[in-house]
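Each chain, written out:
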Amino acid sequence: MATKGIKPIAPVPTANDFLDIVLSKTQRKTPTVIHKNFKISRIRNFYMRKVKFTQESFDEKLGAILSDFPILDNLHPFLSSLLNVLYDKNHYKLALGQLNTAKHLIDQIAKDYVRLLKFGDSLYRCKQLKKAALGRMATVMKRQKDPLAYLEQVRQHISRLPTIDPNTRTLLVCGYPNVGKSSFVNKVTRADVDVQPYAFTTKSLFVGHLDYKYLRWQVIDTPGILDHPLEEMNTIEMQSITALAHLRSAILYFMDLSEQCGYTVEAQCKLFHSIKPLFANKPTLLVINKIDVMRLEQLPSETRMLVDQIITEDGVRVVQASCHTDEGVMDVRNAACDALLAHRVETKLKGNKLNQVANRIHVSIPKPRDDIKREPFIPEAVLSKRKYDPNDPFRRKLEKDIEAEEGGAGVYSINLRKNWILSDPSWKDDVIPEIMDGKNIADFIDPDIAAKLEALEREEEKLEAEGFYESDNSMTDSDEEREAEELRVARAYKAESQIKKRMKNRPIVPRTAGLTTLSEMADKLTKAGIDPSRVVERAQLLAKARGAQRKRKRDEDDEMELDEHETQDWMDTDEDDEEAPRKRQKGADGAVQVAPHGKRIPKTDRSTIGMRDQSQISKAVQLRNLGQRERNRLAKAGESDRAIHIKKPKFLYTGKRKLGKTNRR
């Protein structure tokens with residue numbers, strides 16, 4: 001888990017993986033088919049798109065890396081100093097700077113080659129320019145091999161750092177190696193820090209959490225510190241110094257008076273004075289550990305003077321404990337938490353926020369209205385009530401006592417009716433204890449209820465015999481049937497309304513009502529005093545011309561029988577309206593075939609040419625279907641279908657598959 005204030009960072013690929021990701025994405029996301037016969041503008045746009053897409057992919061990946069890694073100047077001073085100690089701030093900034101420079105170089109390369117591609121005069125030249133552009137981008141990325149590898153190591157180490165909140169309540173444990181710091185953290189928190197009987201078992205910061213006074217506290221176990229100048233301290237010791245310098249916490253300085261840690265009491269006292277400037281404005285506790293071996297009172301006088309010199313200083317409180325026997329461990333925890341709480345309250349009182357909060361708070365204190373003293377009133381029944389004593393034989397029986405007398409848990413069943421408040425206590429055990437308005441419902445049951453029910457059943461049987469329930473109106477037995485009936489009626493009404501709406505846009509008189517035959521029209525013209533002879537002659541001529549035109553369109557070689565009567569196209573006549581016979585024709589096998597209306601029968605059926613009879617035709621159809629079966633299985637159109645619908649570049653589906661490559665297949 002990353003430290004609080006540093007967001008999770010995505011894995012950083014190596015230089016070769018970086019190139020594979022970007023180039024394969026370009027291959028998948030851009031068109032792959034181009035021909036020299038295309039217009040030169042289309043060829044230029046094809047290769048310009050590939051160059052721009054590759055540049056955008058590099059820009060996106062590098063931008064994500066640069067934005068994921070934290071900027072040291074924007075972090076809390078503790079986190080910034082901790083990252084500087086662990087990873088070297090200059091090296092860290094240099095690696096990010098090199099990636100930023102590579103990003104700008106790739107952008108400039110893409111811009112230059114897009115400008116050159118605008119003047120490409122052939123497919124070959126445009127392709128070579130694209131190849132050169134992608135090659136230069138790949139060269140730039142290959143040079144970033146070391147920065148990418150370094151940043152991946154930093155990312156992995158940051159992800160393993162404990163979650164440290166610089167602003168919460170913190171207890172900081174420090175001291176020489178092997179004095180019992182990790183054992184104390186394991187005792188008071190849920191942490192599991194490795195404890196071994198040799199120095200520098202703890203090589204980094206470990207965090208545990210505890211609850212005290214309904215508050216959450218974090219306890220930080222720091223690596224051991226040796227007494228030498230700051231410049232000579234290694235990375236392990238500098239982590240402790242960073243935590244002491246930047247975290248607002250309570251300091252627990254552990255000392256081992258038995259000297260089993262391998263360091264003398266004098267050396268431990270010198271270390272306290274050396275790092276004392278880091279304890280400024282922080283509550284400090286001197287924890288004497290391993291008192292099961294050596295207590296403070298058992299020290300020789302010369303060594304005791306060195307310890308007393310630390311104790312007599314302002315703001316230092318001494319507490320003794322033993323993590324081996326758990327003696328005094330909770331006292332150390334409570335003393336440290338109380339000291340830090342008092343220090344935090346004191347700090348807030350000195351700040352400017354106190355006045356802002358105090359102005360919004362009003363404490364109301366009641367004042368006496370006269371000099372009369374008014375004692376609290378306690379009823380006599382309460383005062384006379386005897387206090388419950390489990391050893392008193394005349395005590396009041398509790399439900400627990402009754403349960404014990406009647407068989408205990410699992411046997412005793414509590415009577416829930418015994419505390420009912422009724423007018424008559426004998427009602428509590430009634431068979432039907434339904435009470436309403438203080439009265440038992442069973443007392444008001446009609447004595448003739450059975451006779452009335454029997455009469456009602458006879459009436460129902462009579463109605464059924466008379467057919468009262470067999471009416472045409474359907475009676476629904478449930479809400480679902482009623483809703484289904486309503487839905488059916490609504491749909492029928494909707495369909496009827498739609499038909500009426502369509503009829504509004506139709507002519508009132510049907511179109512067929514206005515059609516008349518030629519003889520009817522001639523009679524009407526004659527009655528009107530108009531000579532219809534010219535109109536009749538013209539209609540007959542038009543009918544003959546239309547029939548001759550259709551006859552010329554027919555195939556001259558068709559053998560068919562034509563009807564003597566021709567259909568008039570534009571006007572009905574008095575002639576017989578019987579349906580014209582369909583065209584008949586001999587097929588390839590000599591059988592007569594009848595054509596459907598409006599269609600002509602081909603002269604020959606090419607699929608049956610050369611066949612002797614129907615058995616040969618069916619045999620040929622079976623062989624054709626059998627040969628087509630494999631092509632149907634492969635979804636081929638025919639024998640000449642050689643299409644490959646899915647094309648993938650070879651490097652995407654060959655070779656050993658690495659981690660994280662599946663969804664690019």
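Computed from a prediction, not measured in an experiment: that's the story for all the values here.

Along its length, the protein chain carries 20 helices and ten strands. By residue count, 30% of the 665 residues in the protein chain fall in the buried class. Put simply, 66% of the contacts in the protein chain that link residues at least 6 apart link residues at least 24 apart. About 47500 Å² of surface is accessible on the protein chain, with carbon and sulfur atoms providing 52% of the total.

Here we take up the packing of helix H1 (residues 15-29) against helix H2 (residues 40-68). When two helices pack together, their arrangement is given by the angle between their axes and by how far apart the axes lie. Two elements in contact, H1 and H2, have axes whose closest approach is 9 Å; the angle formed by their N-to-C orientations is 140°. As summarised for this structure, H1 and H2 are arranged oblique, according to the angle between their axes. You can see that H1 and H2 cross each other, and the crossing is right-handed. From H1, Phe18, Leu19, Ile21, Val22, Leu23, Lys25, Thr26 and Lys29 reach across to H2, where they touch Arg49, Lys50, Phe53, Thr54, Ser57, Phe58, Glu60, Lys61, Leu62 and Ile65.

Let us look at the sheet that holds strand S6 (residues 316-320). If you walk across this open sheet you meet the six strands as S2-S3-S1-S4-S5-S6, and the pairing is mixed. The two strands at the open ends of the sheet, each matched to only one other strand, are strand S2 (206-212) and S6. When the angles between neighbouring strand axes are averaged without regard to direction, this sheet yields 25°. In this structure, strand S1 (residues 170-175) lies alongside strand S3 (residues 215-221), joined through four bridges in parallel fashion. Directly across from Leu172, in S3, lies its bridge partner Ile220.

On to helix H4 (residues 89-117). Taking 1.5 Å of rise per residue, 29 residues should cover 42 Å, and H4 covers 42 Å from first to last C-alpha, within 8% of that figure. Taken residue by residue, H4 has Tyr92, Ala95, Leu96, Leu99, Ala102, Lys103, Ile106, Ile109, Ala110, Tyr113, Val114 and Leu117 as its buried positions. The elements touched by buried residues of H4 are H2, helix H3 (77-87), helix H5 (123-142) and helix H6 (145-160).

This part takes up the nonpolar core. The tendency in soluble globular proteins is for nonpolar side chains to be buried side by side. Counting 110 residues, the largest nonpolar core has Phe69, Leu171, Phe184, Tyr253, Met255 and Val307 as its most contacted members. A total of eleven residues in this core trace back to one element, the largest contributor, which is H4. With residues near it in sequence (within four places) discarded, Leu171 still touches Trp217, Gln218, Val219, Ile220, Ala250, Leu252, Ala336, Cys337 and Leu340.

On the surface, a cluster of negative charge is made up of Glu457, Glu459, Glu460, Glu461, Glu464 and Glu470. Here Glu464 is to be found in helix H15 (residues 449-465).

Its identity as a non-glycine residue notwithstanding, Lys213 has a phi of 55°, on the positive side. Following the sequence through the fold, Lys213 ends up in the loop between S2 and S3. Residue Lys290 is not a glycine yet carries a positive backbone phi of 60°. For Lys290, a relative accessible area of 17% translates into the label buried.

Moving on, we get to the pattern of salt bridges. When charged atoms on two side chains of opposite charge get close, those side chains can pair. On inspection of all chains with the given rule, the structure shows 24 salt bridges. Salt-bridge contacts for Lys270 lead to Glu266; the nearest nitrogen and oxygen are separated by 3.8 Å. With Lys270 and Glu266 both in helix H9 (residues 265-274) and four residues apart, the pair spans about one turn of that helix. Accessibility expressed as a relative area gives 46% for Lys270, which makes it partly exposed.

In this section: the environment of Val12. Its place among the elements puts Val12 in the segment before H1. Considering only alpha carbons, one finds Val12 and Ala149, 137 residues apart in sequence, at a separation of 7.8 Å. With residues up to four places along the chain from it excluded, the contact list for Val12 reads Ile65, Phe69, Leu148, Leu151, Glu152 and Arg155.

We now examine the packing of H2 against H5. Running from N to C, H2 and H5 cross one another at 10°; their axes reach a closest spacing of 8 Å. By the angle class used here, H2 and H5 are roughly parallel. Packed against H2, whose contacting residues are Ile43, Arg44, Tyr47, Lys50, Val51, Thr54, Gln55, Phe58 and Leu62, the element H5 presents Leu123, Cys126, Lys127, Lys130, Ala133, Leu134, Met137 and Met141 at the interface. Residue classes in the contact of H2 with H5 are distributed as eleven nonpolar, two polar and four charged.

A few words on a nonpolar patch on the surface. A contiguous nonpolar surface patch, about 410 Å² in accessible area, is contributed by Val357, Ile361, Val363 and Ile365. The residue Ile361 is located in the loop between helix H12 (353-358) and helix H13 (380-384) in this model.

Let's shift gears to the pairing of S3. A large share of S3 lies buried, amounting to five of its seven residues. In this structure, S2 lies alongside S3, joined through seven bridges in antiparallel fashion. Across the sheet, residue Gly208 finds its bridge partner in S3, namely Val219.

To continue, consider the packing of aromatic side chains. Overall, the coordinates contain eight aromatic pairs when judged by the stated rule. Between Phe184 and Phe254 the ring centres are 5.2 Å apart and the planes differ by 55°, which places this aromatic pair in the tilted class. Linking Phe184 in helix H7 (residues 181-188) with Phe254 in strand S4 (residues 250-256), this pair joins segments that are 70 residues apart in sequence. Look at Phe184 and you get buried, because its relative accessible area is 2%. A connected cluster of aromatic rings, assembled from ring pairs, spans Tyr253, Phe272 and Phe279. Its guanidinium or amino end placed over the ring of Phe38, Arg42 lies 3.8 Å from that ring's centre, counting from NZ or CZ. Sitting above the plane of the Trp217 ring, Arg169 keeps its charged end 6.0 Å from the centroid.

This brings us to the confidence of the model for the protein chain. Averaged over all residues, the pLDDT of the protein chain is 82; the fraction at 70 or higher stands at 85%. Of all helices and strands in the protein chain, the one with the weakest mean pLDDT is strand S9 (residues 584-586) (55), whereas H5 scores best (94). Across residues 559-580, confidence stays below pLDDT 50; counting only partners more than four residues off in sequence or on other chains, it has 30 contacts.

Within the secondary structure layout, Ser182 lies in helix H7. A relative accessible area of 10% places Ser182 in the buried class. Once residues lying within four places of it in the same chain are set aside, the contact partners of Ser182 are Val193, Asp194, Val195, Thr202 and Asp221.

Each value, and the rule that gives it
Residues numbered from 1 in each chain as written. Predicted model: local features only at pLDDT ≥ 70, side-chain atom pairs only at ≥ 80, totals over all residues. Heavy atoms only, no water. Helix = DSSP H or I, 4+ residues; strand = E, 2+ residues; numbered from the N terminus. Buried < 20%, exposed > 50% of the residue type's maximum accessible area, 1.4 Å probe, protein only. Contact = heavy atoms within 4.5 Å. Areas by Shrake-Rupley, 256 points an atom, 1.4 Å probe, with all protein chains shown as cover. Axes fitted to C-alpha atoms, helices over the stretch in contact; angles between N-to-C directions. Parallel < 35°, antiparallel > 145°, perpendicular 65-115°, else oblique. Left-handed = near helix turned anticlockwise from the far one by under 90°. Pairing = 2+ DSSP bridges. Expected span 1.5 Å × (residues − 1). Core = buried A, V, L, I, M, F, W, Y, C linked by side-chain atoms within 4.5 Å. Patch = residues over 30% accessible without salt bridge, like charges linked within 9 Å, V, L, I, M, F, W, Y side chains within 5 Å. Salt bridge = Lys/Arg side-chain N within 4 Å of Asp/Glu carboxyl O. Lys, Arg positive; Asp, Glu negative; His and termini not counted. Charge placed at Lys NZ, Arg CZ, Asp CG, Glu CD. Nonpolar A, V, L, I, M, F, W, Y, C, P; charged D, E, K, R; others polar. Phe/Tyr/Trp six-rings, centres within 6.5 Å; stacked < 30°, edge-to-face > 60°. Lys NZ or Arg CZ within 6 Å of the ring centre and 35° of its normal. pLDDT = per-residue confidence, 0-100.

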